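Coordinate inspection notes
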Amino acid sequence: MDEENAVELLQRFRRDRRILLDFVLAGSLIKKVIMPPGAVTLDDVDLDQVSVDYVLNCAKKGGMLELSEAIRDYHDHTGLPQMNNSGSAGEYFLVTNPESYGSPPKRAAPPVPDYTPPPVLAPPPVITPSIPDLDLSPVASNISQSESFNSTQVRELTVDDIEDFEDDDLDETDSLRISRRIRNDAADLALGLPSFKTGIIEDDLRETAYEILLACAGAAGGLIVPSKEKKKDKRSKLMRKLGRSRSENVVSQSQRAPGMVGLLEAMRVQMEISEAMDIRTRQGLLNALAGKVGKRMDALLVPLELLCCISRSEFSDKKAYIRWQKRQLNILEEGLLNHTAVGFGESGRKASELRILLAKIEESESLPPSTGELQRTECLRSLREITAPLAERPARGDLTGEVCHWADGYHLNVRLYEKLLVSVFDMLDEGKLTEEVEEILELLKSTWRVLGITETIHYTCYAWVLFRQHVVTNQQGILQHAIEQLKKIPLKEQRGPQERLHLKSLHSRVEGKQGYQDLSFLQSFLSPIQKWADKQLGDYHLNFAEVPVMMENIVTVAMITRRLLLEEPEAATMQSTSATDRDQIESYISSSIKNAFTRILQSLEKSDTKHEHHLALLAEETKKLLKKDTTLFMPILSQRHPQATAVSSSLLHRLYGNKLKPFLGVAEHLTEDVVSVFPAADDLEQYMMELILSSCGEETAEIYSRKIVPYQIESISGTLVMRWVNSQLARILGWVERAIQQERWDPISPQQRHGSSIVEVFRIVEETVDQFFELKVPMRSSELSSLFRGVDNAFQVYANHVIDKLATKEDLIPPVPILTRYKKEAGIKAFVKKELFDPRLPDERRSTEINVRTTPTLCVQLNTLYYAINELNKLEDGIWERWTRKKPRQKLIKKSLDEKSKSFMQKDTFDGSRKDINAAIDRICEFTGTKIIFWDLREPFINNLYKSSVSLSRFEAVIEPLDTELCQLCDIIVEPLRDRIVTSLLQATLDGLLRVLLDGGPSRVFSLGDGKLLEEDVEVLKEFFISGGDGLPRGVVENQVSRVRLVVKLHSYETRELIDDLKSSSGLELQGGRSKLGADSKTLLRILCHRGDSEASQFVKKQYKIPKSSA
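Scoring rules and cut-offs
- Residues numbered from 1 in each chain as written.
- Predicted model: local features only at pLDDT ≥ 70, side-chain atom pairs only at ≥ 80, totals over all residues.
- Heavy atoms only, no water.
- Helix = DSSP H or I, 4+ residues; strand = E, 2+ residues; numbered from the N terminus.
- Buried < 20%, exposed > 50% of the residue type's maximum accessible area, 1.4 Å probe, protein only.
- Contact = heavy atoms within 4.5 Å.
- Areas by Shrake-Rupley, 256 points an atom, 1.4 Å probe, with all protein chains shown as cover.
- Expected span 1.5 Å × (residues − 1).
- Axes fitted to C-alpha atoms, helices over the stretch in contact; angles between N-to-C directions.
- Parallel < 35°, antiparallel > 145°, perpendicular 65-115°, else oblique.
- Left-handed = near helix turned anticlockwise from the far one by under 90°.
- Nonpolar A, V, L, I, M, F, W, Y, C, P; charged D, E, K, R; others polar.
- Polar contact = N/O pair within 3.5 Å; in protein donor to acceptor, adjacent residues only side chain to side chain.
- Pairing = 2+ DSSP bridges.
- Disulfide = S-S within 2.5 Å.
- Phe/Tyr/Trp six-rings, centres within 6.5 Å; stacked < 30°, edge-to-face > 60°.
- pLDDT = per-residue confidence, 0-100.
- Patch = residues over 30% accessible without salt bridge, like charges linked within 9 Å, V, L, I, M, F, W, Y side chains within 5 Å.
- Salt bridge = Lys/Arg side-chain N within 4 Å of Asp/Glu carboxyl O.
- Lys, Arg positive; Asp, Glu negative; His and termini not counted.
- Charge placed at Lys NZ, Arg CZ, Asp CG, Glu CD.

**Re the overall build of the chain**
The secondary structure content of the chain amounts to 46 helices and six strands. The 1111 residues of the chain split such that 49% are buried. For the chain, the share of sequence-separated contacts (at least 6 apart) that also reach a separation of at least 24 residues comes to 78%. Of the roughly 54000 Å² of accessible surface on the chain, 51% is carried by carbon and sulfur atoms.

Spelled out as structure tokens, the structure:
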């Protein structure tokens, strides 16, 4: 496209340059012009080789002009850079590209000789460096910037001096006002039409189209030849046109002459036709119609008639005439020979003759004037005889009426009509339609008969012209107009039978990449539009990233053209179209997604990815792409494909999955790369699944989900996490073992009365939990369950280690003495004899074998276990809270949670360790109470309480040591465990009291009167533990003491009552009941054995064969 612009600019610069030189040389600005050798008139001089600067200098000085010197000066300065003579001597504009020549020279440049610049207008920088000769460009450019010739800097060249300037030639300069913006590339929209064999260019088509328009306007009587009279205004028309502003141009357009005259003048300006050419063409057409009565002007063979009616003398430049004649001859050859609707058949000889005549007419210009004119006249006469029957042969039937078919082949016709349609665009703003667009389109209808245009052809051509202009200017308004025209193109069933036959006959054979192809009319015009739209939509992420609104219109264009082209019989072989619009939308999505994904890959390959794995970055970029796709483009595509978002997400899922799969295959451990890639990939997959579900219904989403191959990141990641968890749990167990071994059970501080081992265990557990949740990889509930079980097991191990070497309750309580009956003085004797024969009691014998812990140690252990319970609750709550935040989103295609997940939520917590710790606390509390009563207070309590008689050894003797032990407990034990440990001590105290009352041995003898004393002792015991409200709750103490009260109360009953009750209870116990005194037989028996009277002794001897106390 840049090359085309360069060639177009070069042609315009040369044309403007010739106009200016012709004006200066033909006027009175030069006193005398001396021709170069061999030239007679200016027509013999090639003005392209004359230096404009040299001519202007001569005009300024008012001297003679030697054209040979001007030509030499041109050639001498052709290879030099363009100088800016009005600025610093060091300023110039390079013709070449300096970047291709490396660094600048290091030595100083030679001195610049003094030079006085001629007083001409300063040229601006050269815009197109590839054009070697831009002598005229700077002058014209400065003029267009309101630098008029009557500037104070150049007094020699005034408006008065150029008063004779011909308006006819000045109209050639209209092209300088055409917008020369940098256009977009529209090469992909080239029509599917064969090229012209004669080398006709765009300007030739444009000028011929205008001539046809004049002929058709003349048929309606609207052709008037304007006057060539010069305007008397001092300021020439050239100056007004070159110096006017854009707003002035708009005003001048709105103030044009009314009717056909003004409309044709607007068309002339729009099509860049000079007034001189316009006048020549109008006059030639009027002269051609003279004498032809009843002949319509649009039925004339326009190129032939113009050749006959316009002579060389009407051109001021011989070369311009030769170019004009060559164009007419080429048009005749293309219309009558190369592009015809009807073959010649027997007229083949005429075709050869026609080509010979055309060549002779062109050859006549190289002959001497007299000979050449004679040959030209004879050839034109013969040409008329041959072309008349060819042009008047029937071709289109009654479709267009009786017209002159000098260009039956639709290839040439539609190209000419396209040039007419281009005139609807504003010259100064190519992105807008001109104000006269409706009138112009109405005027163009007059050419339909000549060019064989139907409504379908018009709408199709106009849509292509508008769409091409949109591509060039990128204006949305033009695109909307193009869509309107496309919608007006009737479908096959909407066309009349005659038009269907006519369109069916319009074919062209075009050479493409796959050889020659036969294209119908609609394919020639709409296929380029569809291919361009498909190409843009095939990478909509790139082409519509900045203007997504335009995409909707382009999709509309693609769908309309696709629908129209599918009706063509060759559509199946010529196009790779999909079966439905939805399939086509899917192809756009597939192509654009792949292109965008490829660009992301290429970008990541070039970027620095040392700090993060490239697959993690790819996942992030892919998610950004998907978000952009969903936000900007899917609302547009979803109008024609409701599941477009699902298609896009599924494709990106597969594309990323292909890159991810090799990485998943080698992931065996939780490396930095795994921790970086897995979360990003899982997050991307979850986001894709969310999009699919949100854009489709559940059933449709499930269909797409089944097509998707999951990454299975959770499964792979879960396996790796499980390995990590297992290794960490083994590490925790090692720490637990070591912490227990090093534990000395000393309080950390007065405030922290627990052991240091539990703190160490929690530290390592919390570190593990922190590391677990810092793993950003996806996890399932099974991994959390494994962590719970491992930590739970660690605390169970810890609790079991605490009580592992703790002595049992039975090891502390001495064996129950053999049950004997009362014998007077037997108690004392038996006691004395035992002392003599076995100085140690049974529990004392095993004292060296039992590991008895001190009360402070037991309290620290209790505090430590209680601390574990509290911290375990906090740990559990913290884990659940963090899991809730981290919890992987449930798969969107699942309707409910897995049953295993439900059971895990309910069961798999720290219940096992809580149970074991509480059991350990209970055991230590029980052991502590038992130890204090049966071990620490063994002597005053178990051995001496109520020894010999109740009155001599009351319970008050035990209160003081018991209070000492209780105070020691309360000083160390934590407040929440105080009641629990004191309750255990109360239970042990009651157990000890029952042991004394029921199994006190031969040394304990109770009488009927001891019952009251025992009741008093029980009250003392109760109040001791209640401690005026500072101890245990009264209700708790009452409940515990109640079981002792029954035994104490039995000591208040008569021996006979006890015996009778024992007798009756034996039968009741067999039936599951109790005696009337509320005691079982064993208790009653023991009461009787310890009752100090003969009746009780005789009864147990007779009934139970219990031996008497040993003496």
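We are not done yet, so read on.
**What about helix α42 (residues 1010-1026)?**
Spanning 17 residues, α42 covers 24 Å between terminal C-alpha atoms, matching the ideal 24 Å at 1.5 Å per step. Ser1027 sits one or two residues past α42 and shows a positive phi near 55°.

**A word on the packing of helix α23 (residues 548-566) against helix α25 (residues 581-606)**
The N-to-C vectors of α23 and α25 enclose an angle of 135°; their axes lie 11 Å apart at closest approach. Regarding the angle of α23 to α25, the classification is oblique. When you trace α23 past α25, the crossing you get is right-handed. Facing α23, whose interface residues are Val555, Ala558, Met559 and Arg562, α25 presents Asp581, Gln584, Ile585 and Tyr588. Along the lines of polarity and charge, the residues of the contact of α23 with α25 split into five nonpolar, one polar and two charged.

**Notes on the side chain of Ser520**
On the secondary structure map, Ser520 appears in strand β6 (residues 515-520). A polar contact is formed between the side chain of Ser520 and the side chain of Glu568, at a distance of 2.7 Å.

**What about helix α45 (residues 1081-1089)?**
Within α45, seven of the nine residues are buried, which leaves it mostly tucked inside the rest of the structure. Of all the residues in α45, the buried ones are Ser1081, Thr1083, Leu1084, Leu1085, Ile1087, Leu1088 and Cys1089.

**Quick notes on the environment of Ser715**
Checked against the element boundaries, Ser715 lands in helix α30 (residues 713-742). In this structure, the C-alpha to C-alpha distance between Ser715 and Pro778, residues 63 residues apart in sequence, is 8.7 Å.

**A few points about the pairing of β6**
Pairing of strand β5 (residues 507-512) with β6 involves six bridges; the strand directions are antiparallel. Pairing of Val510 across the sheet is with Gln517, part of β6. Once β5 ends, the chain turns through two residues before running back antiparallel as β6.

**Some details on the state of the cysteines**
Evaluation of the coordinates by the stated rule reveals zero disulfides. Of all cysteine sulfurs, the one in Cys308 lies closest to Cys309, which takes part in no disulfide; the gap is 6.1 Å. Not engaged in a disulfide, the cysteine Cys970 finds its nearest cysteine sulfur in Cys967; these two sulfurs lie 6.7 Å apart. Note on Cys970: relative accessible area 31%, which makes it partly exposed.

**Observations concerning the packing of helix α36 (residues 855-886) against helix α41 (residues 975-999)**
Packing of α36 against α41 leaves a shortest axis separation of 10 Å and a crossing angle of 125°. Taken together, α36 and α41 sit at an angle that is classed as oblique. The interaxial crossing formed by α36 with α41 has right-handed handedness. Between α36, through Leu862, Asn863 and Tyr866, and α41, the contact on the second element is made entirely by Pro976, Leu977 and Ile981.

**Details of the packing of aromatic side chains**
Applying the stated criterion across every chain yields a total of 18 aromatic pairs. Residues Phe521 and Phe525 carry aromatic rings whose centres are separated by 5.0 Å and whose planes lie at 45° to one another, so their mutual orientation is tilted. Of this pair, Phe521 and Phe525 both sit in helix α21 (residues 521-537), four residues apart, roughly one helical turn. For the pair formed by Phe521 and Phe525, the shared burial category is buried. Each ring, one from Phe1024 and one from Phe1025, has its centre 5.2 Å from the other, and the planes form 85°; the classification is edge-to-face. Taking relative accessible area as the criterion, Phe1024 reaches 14% and is therefore assigned buried. Among the residues examined, Phe1025 registers a relative accessible area of 1% and is labelled buried.

**Comments concerning the confidence of the model for the chain**
The predicted coordinates should not be examined in detail at positions where pLDDT is low. Chain-level statistics for the chain give a pLDDT mean of 78 and a share of 77% at 70 or above. A low-confidence stretch, residues 84-90 (pLDDT under 50), is modelled with eight contacts involving residues beyond four sequence positions or located in other chains. Residue range residues 826-843 is modelled with pLDDT below 50. Its contacts to residues more than four positions away, or to other chains, number 21 contacts.

**Topic: a positive patch on the surface**
A contiguous patch of positive charge, built from Lys823, Lys1063, Lys1101, Lys1102, Lys1105 and Lys1108, is present on the exposed surface. Take Lys1108: it is sitting in the segment after α46 (1094-1104). A relative accessible area of 41% places Lys1108 in the partly exposed class.

**So, the pattern of salt bridges**
Tallying each qualifying case throughout the model produces 43 salt bridges. The partner of Arg282 in a salt bridge is Asp278, with the nearest N and O atoms 2.8 Å apart. Placement of the pair is Arg282 and Asp278 together in helix α10 (residues 275-289), with a separation of four residues, close to one helical turn. Of the residues examined, Arg282 reaches a relative accessible area of 4% and is grouped as buried. Here Arg1045 makes a salt bridge to Glu1019, at a shortest N to O gap of 2.6 Å. Highlighted residues: Arg1045 in helix α43 (residues 1034-1050) and Glu1019 in helix α42, separated in sequence by 26 residues.

**With respect to unusual backbone geometry**
Within the chain, Ser948 stands out as a residue other than glycine whose phi angle is a positive 75°. One can find Ser948 in the loop between α39 (938-943) and α40 (956-972). Of note, the phi angle at Lys1105 is positive, near 55°, even though the residue is not glycine. With respect to the element layout, Lys1105 can be found in the segment after α46.

**Here's the deal with the side chain of Thr561**
Here Thr561 lies in helix α23. A distance of 2.9 Å separates a polar side-chain atom of Thr561 from the backbone oxygen of Val557. In terms of polar contacts, Thr561 uses its side chain to reach the backbone carbonyl oxygen of Ala558, at 3.0 Å. Those residues in contact with Thr561 that lie beyond four places of it in its chain are Leu486, Leu526, Ile529 and Gln530.

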